[in-house]
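Coordinate analysis (summary)
Below, each chain spelled out in residue letters.
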2 protein chains.
Amino acid sequence: MSIIVQKYGGTSVADIDRIRAVAERVKRCRDRGDNLCVVLSAMAGTTNRLVGWVNELDAAGHDAAEHDMVVSTGEQVTIGLLAIALRTIGVPARSFTGWQAGIRTDGTHGKARIEGIDASAVRVAMDEGRVAIVAGFQGISPEGRVTTLGRGGSDTSAVALAAALEAERCDIFTDVDGVYTTDPRIVAKARKIEKITYEEMLEMASLGAKVLQTRSVAVAMQHGVRVQVLSSFDENPGTLVVSEDEIMEQNIVTGIAYSRDEARITVVGVKDRPGIAAAIFGPLSENGINVDMIVQSASRDGVSAALTFTVSRADLPRAERVLDEHRESIGFDRVIGDSSVAKVSVIGVGMRSHAGVAHTMFETLSRRGINIHAISTSEIKVSVLVTEDYTELAIRALHTAYGLDAA
Amino acid sequence: MSIIVQKYGGTSVADIDRIRAVAERVKRCRDRGDNLCVVLSAMAGTTNRLVGWVNELDAAGHDAAEHDMVVSTGEQVTIGLLAIALRTIGVPARSFTGWQAGIRTDGTHGKARIEGIDASAVRVAMDEGRVAIVAGFQGISPEGRVTTLGRGGSDTSAVALAAALEAERCDIFTDVDGVYTTDPRIVAKARKIEKITYEEMLEMASLGAKVLQTRSVAVAMQHGVRVQVLSSFDENPGTLVVSEDEIMEQNIVTGIAYSRDEARITVVGVKDRPGIAAAIFGPLSENGINVDMIVQSASRDGVSAALTFTVSRADLPRAERVLDEHRESIGFDRVIGDSSVAKVSVIGVGMRSHAGVAHTMFETLSRRGINIHAISTSEIKVSVLVTEDYTELAIRALHTAYGLDAA
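Residues numbered from 1 in each chain as written. Chains lettered and ligands numbered in written order. Predicted model: local features only at pLDDT ≥ 70, side-chain atom pairs only at ≥ 80, totals over all residues.

**Some details on the overall build of chain A**
When helices and strands are counted, chain A shows 13 helices and 18 strands. Computed over its C-alpha atoms, the radius of gyration of chain A comes to 24 Å, within 12% of the 22 Å expected for a compact globule of 407 residues. Summarising its shape, the C-alpha atoms of chain A cover approximately 80 × 55 × 30 Å along the three principal directions. By residue count, 48% of the 407 residues in chain A fall in the buried class. Partitioning the intrachain contacts of chain A with sequence separation of at least 6 by distance along the chain shows that 74% fall at a separation of at least 24. (Helix = DSSP H or I, 4+ residues; strand = E, 2+ residues; numbered from the N terminus. Rg over C-alpha atoms; globule rule 2.2 N^0.38 Å. Buried ≥ 20, exposed ≤ 12 C-beta atoms within 10 Å, placed from the backbone. Contact = placed C-beta atoms within 7 Å.)

This is the structure:
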């Protein structure tokens, strides 16, 4: 019997009826011969309610360990309920909290990293013919305290358990039925991707596609866990996230991602001297502000220049303040902030062996009159910064240009 | 610094404001120099909600282990929240689930018994100057699964922890301010008892006074834990439950308890033969029905007799059915069930050395025209069964007769 890990998110276990529906699906999979380990989130809304109480007492969040103690109860409720629901339809099951499932993490409460899993108790239950049901999103610290992995950490729990159990596959059930070539709300002709590589999925996730958490993809890639993203509301196959050698023929471009969580900062009248980048980006980094795309414009007079870069939209006011505080040491005329920009990215491992992807992108956008504010590239993606109003137009044009439209 | 264990029930932690109020009270006690271990229940209503979900899935309650997994989350929420509330007012604290606090139980899920407590982790936290906050009502089974102690088990958790920590005292905070000579809703002149012995409290609790759980009193008596019952809504001293030698002068009668949860069964026309009691009470016991008071009336003809006994009111229909099923083997004419009876008990360790307590009771009731259906006695209590309508009258008359009325 092949071991399958299944993960159901908060909307899939939002109430008793949905928990019953998950139990029925688990039963069908088991009847087909799968040996199942099921990872659950809390009921949709529960974690927010628990976090709300914590914040009501201490908005500053000084006590992350106690935050975890409170917030980790949400998953403990759903695993027990699913075990009961399974038993009432004749499927033996056993629930495990994070610590019972041997999920060891570091001590970074609120966003702990999984350090290792001793899945022996889970394995024993499965060997006895039970469905093992494990609380996602949580583990135990070296000090024996309950930790949480941070929002969306249940995906990571599931993938890490699949690695520890040497599972055939990790199925992530969600409210969409797979990974699409781009957001179907923007491009009606977007197609569901049958198979995508870890590297592409990693870029898709970090560039804005919200279907899988970046961390979980990284863990899957590291341990070679085959991941399937599929819907908990129908029975169709979803998207497989696998290693490159499982995919026979590669598209040059696999998908198009976008993010509106971008802001552009232009520092005008910068003295063109060695060390100027360090003078600007040092203080930002010390204040925990991540800088993404960077463009340095040469000046006409050879003395002063402009430096443009992007930060996440939420960081814009803080970044402007930090720069102002360091105006003396950096030396510049003024800072222009602009949060009406978006990042559009084309992604595909086929780019490695095919030239001309960036050229097609620039030409397509230019033909639609879309101005490019900044460019960044990696081996398997090209990102451009455009004015936010052009986001949908850019995505649709590129989707067609790379031959991604459904027939 | 003397160690004090405090236990707060569900109404004391029912919402964020009340949790803040508990934190303030804990801080005041700590400022006075107490080294505190605090045991909490779930927020009032939470356990019912969780049990409701479990019952919605499986009304028969086949999976007690998973029931415990779900239901034990309520206390985990309140301990984390109180730790946060304490920290925000400058009191270092650390929360412990049952398993983290080393509360080992047997594997009887839903009503587990505490087998032992390894309080070393709790002790370390307290030695570091922290308030230890422990989830009541829960522990861990020999198989490493979460257990619950059954309704009201938090009192037992608190007393057992007080024993393990060799605490000076275990303070049980509740919505009443102590143990009264009788129910103040019935007798306006009821007085708060300053000190009561374990034995008396045990009789009071098992005879109907709901302020402390019988089990917790038994554990306190076994380990010599001094227990105080007091109100979480004011700062008055409550009632101390202690061993006899701590009480200088004993009243003959300390309190009057009553229970309306009684039903009387009369088996008429029983053949008066050896083994008849076994023939009747055997089947009842096999069906889990507890029999309390028993009266055998001698028959006039020396052949047939009537046997009267009491069961809890909820057991009456089942007891009647069981007797009917065994009519042949027992041999009787008919069964008369009556659920309009109540049990009134006078309790006091002073009875051991004072005669006449029962006599005063019978005389007092007789003078008021109250008929006694059955009597049972122990070393420190006399109970009588009366028609339910006379309950209040009987209690008031006895309260006066034994000199318990407040001045």
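**Observations concerning the relation of the copies chain A and chain B**
Least-squares fitting of chain A to chain B yields an RMSD of 0.1 Å, with the superposition described by an axial translation of 0.0 Å and a rotation of 180°. Here the transformation between the copies is reduced to the relation of a two-fold axis. No C-alpha of chain A lies nearer the rotation axis than that of threonine 73 of chain A, which sits 2.8 Å from it. A high fraction, 100%, of the interface residues of chain A reappear at the interface in chain B, so the copies pair face to face through one surface. (Least-squares fit on C-alpha atoms with pLDDT ≥ 70 in both.)

**Quick word on the domain arrangement of chain A**
Interfaces are often sized by the accessible area lost when the parts come together. Domain annotation of chain A identifies domain 1 (3-175) and domain 2 (245-407). Summarising the inter-unit geometry, the C-alpha centres of domain 1 of chain A and domain 2 of chain A are found 37 Å apart. (Domains from an automatic or database assignment.)

**Regarding the environment of glutamine 250 of chain B**
All names here are of chain B. Among the structural elements, glutamine 250 can be located in the loop between strand E12 (239-242) and strand E13 (255-271). For glutamine 250 and valine 384, which are 134 residues apart along the polypeptide, the C-alpha to C-alpha distance reads 23 Å. When residues no more than four places from it in sequence are discounted, the contact partners of glutamine 250 are Val349 and Gly350.

**Let's talk about the interface of chain A and chain B**
Each partner contributes to the interface: chain A provides 26 residues, whereas chain B provides 26 residues. Counting residues per element, the ones that place at least two in the side of chain A that touches chain B are helix H2 (46-57), helix H3 (64-71) and helix H4 (73-88) of chain A. Looking at which element gives the most residues to the side of chain A that touches chain B, the answer is H4 of chain A, with 11 residues. By residue class, the composition of the side of chain A that touches chain B is 13 nonpolar, eight polar and five charged. (Nonpolar A, V, L, I, M, F, W, Y, C, P; charged D, E, K, R; others polar.)

**Structural notes on the nonpolar core**
Grouped together as the largest cluster of nonpolar side chains are 244 residues, with contacts concentrated most on Leu82 and Leu161 of chain A together with Leu82 and Leu161 of chain B. A domain split of this core shows at least three residues from each of domain 1 (3-175) and domain 2 (245-407) of chain A. Beyond its immediate stretch of four places on either side in the chain, leucine 161 of chain A contacts Val5, Cys37, Val39, Ile117, Ala119 and Val134 of chain A. (Core = buried A, V, L, I, M, F, W, Y, C linked by C-beta atoms within 7 Å.)

**Overview of the sheet that holds strand E10 (residues 195-197) of chain B**
All names here are of chain B. What the eight strands build is an open sheet, ordered E3-E6-E2-E1-E9-E11-E12-E10; its pairing is mixed. The open sheet has two free edges, formed respectively by strand E3 (93-96) and E10, since each of these has just one partner strand. On average, each strand axis in the sheet is tilted by 20° relative to the strand beside it, whichever way the strands run. In the packing of helix H4 (residues 73-88) onto the sheet, contacts are made with strand E2 (35-40), E3 and strand E6 (131-135), and the angle to E6 comes to roughly 165°. (Pairing = 2+ DSSP bridges. Axes fitted to C-alpha atoms, helices over the stretch in contact; angles between N-to-C directions.)

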